[in-house]
Number of protein chains: 2
Amino acid sequence: MSHHELALILSNAIEQQQFNTALIQVKGLRPVDLADIMSHIEPALAWRLLERLPHRATVYAYLDADIQVQLAREFPRANLARLVSEMPSDERADLYKCLDQEQRDALLPALAQAKREDIRKLAAYEEGTAGALMSSDYATLEASMNVSEALAALRAEAPDAETIYHAYVIDAERKLLGVVSLRALILALPEQQMHSLMVSPPIHCRVTDDQEDVAKAIARYDLIAIPIINENNVLVGIVTHDDAMDVASDEATDDFHKSGGVSTMVGNLKDVSIGLLYRKRVFWLVLLVFGNLFSGAGIAHFEELIAANIVLVFFLPLLVDSGGNAGSQSATLMVRALATGEVVMRDWFSLLGREALVALCLGGTMAVAISAVGYMRGDEVVALVLAMSMMCVVLIGCVIGMSLPFVLNRLGFDPASASAPLITSVCDASGVLIYLFIASRFLALG
Amino acid sequence: MSHHELALILSNAIEQQQFNTALIQVKGLRPVDLADIMSHIEPALAWRLLERLPHRATVYAYLDADIQVQLAREFPRANLARLVSEMPSDERADLYKCLDQEQRDALLPALAQAKREDIRKLAAYEEGTAGALMSSDYATLEASMNVSEALAALRAEAPDAETIYHAYVIDAERKLLGVVSLRALILALPEQQMHSLMVSPPIHCRVTDDQEDVAKAIARYDLIAIPIINENNVLVGIVTHDDAMDVASDEATDDFHKSGGVSTMVGNLKDVSIGLLYRKRVFWLVLLVFGNLFSGAGIAHFEELIAANIVLVFFLPLLVDSGGNAGSQSATLMVRALATGEVVMRDWFSLLGREALVALCLGGTMAVAISAVGYMRGDEVVALVLAMSMMCVVLIGCVIGMSLPFVLNRLGFDPASASAPLITSVCDASGVLIYLFIASRFLALG
C-alpha cells in the first residue's frame, strides 16, 4: 500500500476517533516512513494520531520544518511542550528556530528549565557551524570509573543519549579527555579504568567549525559520532554520522546547483515556489546578457569584415560555445576536487600547466574537426582561420575555467560559483574577439 | 609537522633499520593519516615499516589501490598473505580485484582455505552492486540466545566483526530473522531472549541492489550498518555507514562530472594522466562541433538576411547562449533532484508546466534587458525581434533542459548525462533558427 493510500485510510480513522485501528495500521512502520505518511495528512487530524504514536517525538523530528510548524499550531500547548521535550536536542533547537515569536513565547514557559536553556544555547549558534548541527544528548564517563561502573553509567544515560557506542571521558570542568567505544568496554576486564581504555586525544571539532569540515572529519576517520568542544576545550555536544551524511549530501546539492548557475536553494524541488525558482536563476542569466555587450561590441568593431565574409558568421556560435564548454569542464573538475579536498589552493600552478596541455590536445582535435567543416563551406583560408581560432578559444576557455574556482576561493567566494553560465559569458567575449581578430589578419575586407 | 616531512624522516629511519625510532614517530597517529604518510614513502622502504605497525592491515586498507598493488609486489609472499588475511573482507576483495594474475596466483595458495573462498565469493559480485560493496565480517546471534549468551557471543566475534553495534539474528539456514542493537542488549534483562529483543523484519538490501540504493537506505533510516541478503534470503554480508558515505560522495562526484560534460572518471584529479583527462572530455566537445553543423546550416539559409542586417550578428552569440544557460539550469535542478530521490519519473509532467512558467518569467526579464540593448544598437524593430526571440529561446531551452534528464532516464541512461555541453549543442541549433526565422518575418532583405 502506498504512503498516500495509507494516509487516506488513517485520515478517515482519525476523523471517526478510531485511533486503535489507526495505530494497528501503522504498527511496525519505521519513524521516517511514518513521518512521510503523516505529511500527507491534514495537520488538524495528524496531530491527534501523532501524539498517540509510540515514537511520536522521533516521527515528529523527521517531518519537514514547515509541517512541524503547522502541527505545532494544532497541538494544545501542554501536549506540544511534552512532545518537544522528548525530541532530540538538535532537532528541537532547529524547530525552535522555525517557530514565530508568538509560538516561541507559548512554548518556552511550558518547558522545564533545563530544556529551555538547552534550546536557547543550541539555537544561539550560527547556521552552518558545528554548534548549529550538534546535539547535546551525549554520554559521558569519568576517567576514574572502571568498566562495570561505566556500563552502569551508560545504562542510566542511554535513554537520553543519541548514541552510547561512543562515550566521552571528561574531567570535573567537563573538559574533553578522551573517547571510549562501547566495543572496547564490552571487551575489557571489569576492573579496567577509563583512563587506560580511552583513546586520547580524541578526534574532535570546535563549535565554530564549518559543518562541512565536521562531516569531512567524520567521513575521514569513519566515526559514529564526533565530539564538539568550545573555546575552553569543554565538551558541549556531538555530531552523529547520520547528520554528517545529510550535511555532505546538502553541500553536494548546493555545489551542484551553483555550478549550474542556480543560487543556493533549500527545500524539495517539487515544493519550492515559482517565484523562488525565478529569483534563484535570473541573476546569472541577466548577468550574461550584459556580459555579452562586450562580445557584441567586438562584433560591431569587425562589422565590415563580417559583411565581406558572411561565412564567418556560420561558425560564430560554435567557436563561442566551444570555449565555454571546454571551460565548464575544467571548472567542473576543479570545483568538485576543491570540495572533496582532493586539490588545495597551492596545487593551482602545477595543475594549470597540465590543464594547458590537455586544452591543446582538445583544441587540436576540435580544430581538425572544424577546419574540415570550414573547408567544405569556405576555402582553405577559412579552414586555417577556424583551426587557429579554435585552438586559442579552447586554450583560453580551459585556463579561465580551471583558474576561476581558485580565484573565487582566494577572494573568499565559494569556488562552486564558477558556474557554466559565468564561464560562458566570460569566454564569449574573448572567443568572439580572438576569432574575428585572427580572421581580420587572413581575410580581405570585401 | 606535515605528512611530507614526516614521510622523509621515516624513510631515513627505515633505510638505517631504526624501526623503533620510526614507530615512536608515528605513535598515536590514526590509521588513515598513517596511510597518507605511507603513500609518500618509497614502496621498497614503506613495506618494512608497514608490517611493523600495530594496525598494519587497517593502514594498508586505507591506501589507494595503486599503492596497495605496488606494496604487494615488495612484500615477501608469506608476509603479504598474513597482512591480507588481517584486512577487512571487503577491502581484501577490492585489493584482489586490482592484483594481476601473477600476483593472485602467488597470494591465494598462501591464504587459509576460508579466506580464499571469502575472497572468491566477494570478488565475484558485479561492480556497483551491494555485493561488491559489502563486508562478510558481521556478528550473528541465534533467536534462542538470552542477553548474557548474546553478549558472550559478541565478545567472541568482536575481533573479526566490522561492527558489533548491530548484530544479526539468523536461523539454522543463516536466513535473516532480525537485528539486535548492542544498545538494546545493554539495556535488556540478562534472561531476555533475542527473538523478543530483535527488530523484525529488519531493513535490508539484496546483493544485486545498486550500491547507490544501499547508501540511500542507510541514510534514510540512519543505520550504522545494513544487512545484505541473497536470493534465498540468506545473510551474506553487511554494508557499514562509512562505506555508504563514501559511495554517496563518489556518486555525487560522478554526477557532478557528467553534468559538466566530463565522462565518469576514477582517481584523484591530481594523479590522473593527461591522456585520461583528454579521453574523458573530448567526446562532448567534438560532438558539439558536429551538432553545430545544423546551426551553421540554419545561418547559411538566412545568409542574405544577415548580409542585409549585420546588426543581427551582434546578438547571435547571446541568444544562442541564453537558451543553453537557461536549459543547463533546468537540467542541473532535475539531475540532482532525480539523484537524491526528491523527484521521480512520474513527476515529469507536473514539473514541466511549472518549468514553462518559470521560463516565461526568466525569458521575459531577459527580453526586456536585450531589447533595451537592441534598441540602442538598432531600432525598435530589432528590439522587438530580439525580445520575441529571447522569450522563445529561453522557453525552449528550459523545456529541453528539464525534459532531457527524464528522457535519458527512461532510455536507460544516467540522467546526469544531460550535461551543459549536450544541452548547449541542442539549444544552439534551435536558438539560431528561431532567432533568424523571427527576424526574417520583421526585417527587410537588403
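Residues numbered from 1 in each chain as written. Chains lettered and ligands numbered in written order. Predicted model: local features only at pLDDT ≥ 70, side-chain atom pairs only at ≥ 80, totals over all residues. Heavy atoms only, no water.

Engineer: When you look at the overall build of chain A in this model, what are you seeing that I'm missing?
Structural biologist: When its secondary structure is counted, chain A shows 23 helices and six strands. Taken against the 2.2 N^0.38 rule, which gives 22 Å for 446 residues, the C-alpha radius of gyration of chain A at 30 Å runs more than 25% over that of a compact globule. If you line up chain A on its principal axes, its C-alpha atoms span 90 × 60 × 40 Å. Per-residue burial for chain A yields a buried fraction of 56% across its 446 residues. Pairs at least 24 residues apart make up 67% of the contacts formed inside chain A by residues separated by at least 6 positions. Approximately 18300 Å² of chain A is accessible, and the part contributed by carbon and sulfur atoms is 58%. Measuring between centres, the 33 positive side-chain charges of chain A sit 3 Å from its 53 negative side-chain charges. (Helix = DSSP H or I, 4+ residues; strand = E, 2+ residues; numbered from the N terminus. Rg over C-alpha atoms; globule rule 2.2 N^0.38 Å. Buried < 20%, exposed > 50% of the residue type's maximum accessible area, 1.4 Å probe, protein only. Contact = heavy atoms within 4.5 Å. Areas by Shrake-Rupley, 256 points an atom, 1.4 Å probe, with all protein chains shown as cover. Lys, Arg positive; Asp, Glu negative; His and termini not counted. Charge placed at Lys NZ, Arg CZ, Asp CG, Glu CD.)

Engineer: Would you mind showing me how to read helix α15 (residues 211–220) of chain A here?
Structural biologist: Since there are 3.6 residues in each turn of an α-helix, residues three or four apart along the chain are aligned in direction. Among the residues of α15 of chain A, those classed as buried are Gln 211, Val 214, Ala 215, Ala 217 and Ile 218 of chain A. Projected onto a plane normal to the axis of α15 of chain A, the buried residues spread over an arc of 160° and lie on a single side. On its buried face, α15 of chain A is in contact with α11 (130–133), β4 (205–206), β5 (225–229), β6 (235–240) and α16 (241–259) of chain A together with α16 (241–259) of chain B. Of the residues flanking the start of α15 of chain A, the one acting as N-cap is Asp 210 of chain A, its side-chain oxygen 2.7 Å from the backbone nitrogen of Glu 212 of chain A. Directly beyond the C-terminal end of α15 of chain A, a positive phi value near 50° is found at Asp 222 of chain A. (Arc of directions from axis to C-beta. Polar contact = N/O pair within 3.5 Å; in protein donor to acceptor, adjacent residues only side chain to side chain.)

Engineer: Looking at this structure, how should I read the sheet that holds β5 of chain A?
Structural biologist: The pairing of strands in a sheet happens through backbone hydrogen bonds and is either parallel or antiparallel. All names here are of chain A. Spatially, β4-β5-β6 is the arrangement adopted by the three strands of the open sheet, whose pairing is mixed. Edge strands, defined here as strands with exactly one partner in the open sheet, are β4 and β6. Pairing of β4 with β5 involves two bridges; the strand directions are parallel. By the bridge assignment, Arg 206 is partnered in β5 with Ile 229. Against the sheet, α15 makes contact with β4, β5 and β6, and its axis sits at roughly 135° relative to β5, the strand it touches most. (Pairing = 2+ DSSP bridges. Axes fitted to C-alpha atoms, helices over the stretch in contact; angles between N-to-C directions.)

Engineer: Even after reading the chapter, I still don't get the layout of surface pockets, so can you show me in this structure?
Structural biologist: If you roll a probe as big as a water molecule over the atoms, it shows you where there is empty space left. All names here are of chain B. Approximately 300 Å³ is the volume found for the second largest pocket. Broken down by secondary-structure element, the contributors of at least two residues to the lining of the second largest pocket are α15 (211–220), α16 and α20 (316–340). With four residues, the single largest contributor to the lining of the second largest pocket is α16. Residues of the lining of the second largest pocket, tallied by class, amount to five nonpolar, one polar and nine charged. When we break the lining of the second largest pocket down by domain, the ones giving at least three residues each are domain 2 (140–246) and domain 3 (292–445). (1 Å grid on protein atoms, 1.4 Å probe; cavity = no way out; pocket = protein on both sides within 12 Å on 5 of 7 lines; lining within 4 Å. Points joined across faces, edges and corners; volume = space filled by probe spheres on them. Nonpolar A, V, L, I, M, F, W, Y, C, P; charged D, E, K, R; others polar. Domains from an automatic or database assignment.)

Engineer: What exactly am I supposed to notice about the pairing of strand β6 (residues 235–240) of chain B here?
Structural biologist: Residues and elements named next belong to chain B. Burial analysis of β6 places six of its six residues in the buried class, the great majority of the element. Bridging between strand β5 (residues 225–229) and β6 involves five bridges; their strand directions are antiparallel. Bridge pairing links Ile 228 to Gly 237 in β6. Hairpin connection between β5 and β6: a loop of five residues separates the two successive antiparallel strands, and Asn 233 in this loop has a positive phi of roughly 60°.

Engineer: Just to check I follow, could you spell out the pairing of strand β2 (residues 166–170) of chain A for this structure?
Structural biologist: The side chains of a regular strand alternate between the sheet's two faces. Residue and element names in this part refer to chain A. Taking burial as the measure, the five residues of β2 include five buried ones, the bulk of the element. Along β2, one buried face is formed by His 166, Tyr 168 and Ile 170 and the opposite face, lined by Ala 167 and Val 169, is buried too. Pairing of strand β1 (residues 140–142) with β2, which is carried by three bridges, proceeds in the parallel orientation. Looking at the pairing, Thr 140 lines up with Tyr 168 of β2. For the crossover from β1 across helix α12 (residues 147–157) to β2, the handedness is right-handed. Where β2 and strand β3 (residues 176–181) come together, five bridges link them in antiparallel fashion. Each residue of the ladder has a partner; that of Ala 167, found in β3, is Val 180. (Right-handed = clockwise from strand over helix to strand, strands pointing away.)

Engineer: Would you mind showing me how to read the sheet that holds β2 of chain A here?
Structural biologist: Residue and element names in this part refer to chain A. Taken in spatial order, the three strands line up as β1-β2-β3 in an open sheet, and their pairing is mixed. Strands with a single pairing partner mark the edges of an open sheet, and in this sheet they are β1 and β3. Taking each pair of neighbouring strands and ignoring which way they run, the sheet shows an average axis angle of 35°.

Engineer: I keep staring at the environment of Asp 137 of chain B and nothing clicks. Help me out?
Structural biologist: All names here are of chain B. Checked against the element boundaries, Asp 137 lands in the loop between α11 (130–133) and β1 (140–142). Measuring from C-alpha to C-alpha, the distance between Asp 137 and Ser 11 comes to 34 Å, with 126 residues separating the pair along the chain. Excluding anything up to four places from it in sequence, Asp 137 contacts Pro 88, Ser 89, Asp 160, Ala 161, Glu 162, Thr 163 and Ile 238. In terms of polar contacts, Asp 137 uses its side chain to reach the backbone amide nitrogen of Ser 89, at 2.8 Å.

Engineer: Where do I start with the relation of the copies chain B and chain A in this structure?
Structural biologist: To go from the first copy of the chain to the second, apply a rotation about an axis and then a shift along the same axis. Mapping chain B onto chain A is achieved by rotating through 180° and translating by 0.0 Å along the same axis, at an RMSD of 0.1 Å. When the rotation and shift are considered jointly, the pair of chain copies conforms to a two-fold rotation axis. Mapped onto chain A, 100% of the interface residues of chain B again fall at the interface, so both copies present the same surface. (Least-squares fit on C-alpha atoms with pLDDT ≥ 70 in both.)

Engineer: Explain empty space enclosed by the protein here, please?
Structural biologist: What the rule picks out here adds up to six cavities of 30 Å³ or more. The volume enclosed by the largest cavity comes to roughly 200 Å³. In this structure, the largest cavity is lined by 21 residues; those nearest its centre are Ser 259 and Gly 260 of chain A together with Ser 259, Gly 260 and Thr 332 of chain B. Elements with a minimum of two residues in the lining of the largest cavity: α16 and α20 (316–340) of chain A together with α16, α20 and α23 (420–442) of chain B.

Engineer: Teacher, can you tell me more about the nonpolar core here?
Structural biologist: One finds Phe 315, Met 390 and Tyr 435 of chain A together with Phe 315, Met 390 and Tyr 435 of chain B to be the most contacted residues of the largest nonpolar core, which totals 113 residues. Those residues within four positions of Tyr 435 of chain B in sequence are excluded, and the remaining contacts are Leu 312, Phe 315, Leu 316, Leu 319, Val 385, Leu 386 and Ser 389 of chain B. Counting residues in hydrophobic clusters, the runner-up holds 48 residues, among them Leu 151 and Leu 197 of chain A together with Tyr 165 and Ile 186 of chain B. (Core = buried A, V, L, I, M, F, W, Y, C linked by side-chain atoms within 4.5 Å.)

Engineer: Mind showing me how you'd approach the domain arrangement of chain A here?
Structural biologist: The extent of an interface is frequently quoted as the accessible surface area lost upon association of the parts. Here the domain parsing of chain A yields domain 1 (3–124), domain 2 (140–246) and domain 3 (292–445). Inter-centroid distance (C-alpha atoms) of domain 1 of chain A to domain 2 of chain A is 29 Å.

Engineer: What is the right way to read the interface of chain B and chain A from this model?
Structural biologist: Between chain B and chain A, the residue contacts involve 116 residues of the former and 116 residues of the latter. The contact between chain B and chain A buries some 10200 Å² in all, and 67% of this surface belongs to carbon and sulfur atoms. The tally of links between chain B and chain A comes to four salt bridges. Between chain B and chain A we count 33 residue pairs in polar contact (both at pLDDT 80 or more) in total. (Buried area = accessible area lost by both parts, 1.4 Å probe. Salt bridge = Lys/Arg side-chain N within 4 Å of Asp/Glu carboxyl O.)

Engineer: Help me understand the environment of His 4 of chain A in this model?
Structural biologist: Position of His 4 of chain A relative to the elements: it lies in helix α1 (residues 3–15). In sequence terms His 4 of chain A and Ile 41 of chain A are 37 residues apart; their C-alpha atoms lie 8.9 Å from each other.

Engineer: Just to check I follow, could you spell out the packing of helix α17 (residues 274–301) of chain B against α23 of chain B for this structure?
Structural biologist: When two helices pack together, their arrangement is captured by the angle between the axes and the distance separating the axes. Residue and element names in this part refer to chain B. In the contact formed by α17 and α23, the axes pass within 9 Å of each other and the chain directions differ by 5°. By the angle between their axes, α17 is roughly parallel relative to α23. Along the contact surface, α17 presents Trp 284, Leu 287, Leu 288, Asn 292, Phe 294, Ser 295, Gly 298 and Ile 299, while α23 presents Pro 421, Leu 422, Ser 425, Asp 428, Ala 429, Val 432, Leu 433 and Leu 436. Grouping the constituent residues of the contact of α17 with α23 by class yields 11 nonpolar, four polar and one charged. (Parallel < 35°, antiparallel > 145°, perpendicular 65-115°, else oblique.)

Engineer: Honestly, the pattern of salt bridges in this entry has me stumped. Any pointers?
Structural biologist: Side chains that differ in charge, positive against negative, can pair when their charged atoms come close. The final tally for this structure, using the stated rule, is 20 salt bridges over all chains. Here Glu 355 of chain A makes a salt bridge to Arg 281 of chain B, at a shortest N to O gap of 3.0 Å. Here Arg 281 of chain B lies in helix α17 and Glu 355 of chain A lies in helix α21 (residues 348–377), a pairing that spans two chains. The same class applies to Glu 355 of chain A and to Arg 281 of chain B, which are both buried. Residues joined in a network through salt bridges with shared partners are Asp 94, Lys 97 and Glu 127 of chain A.

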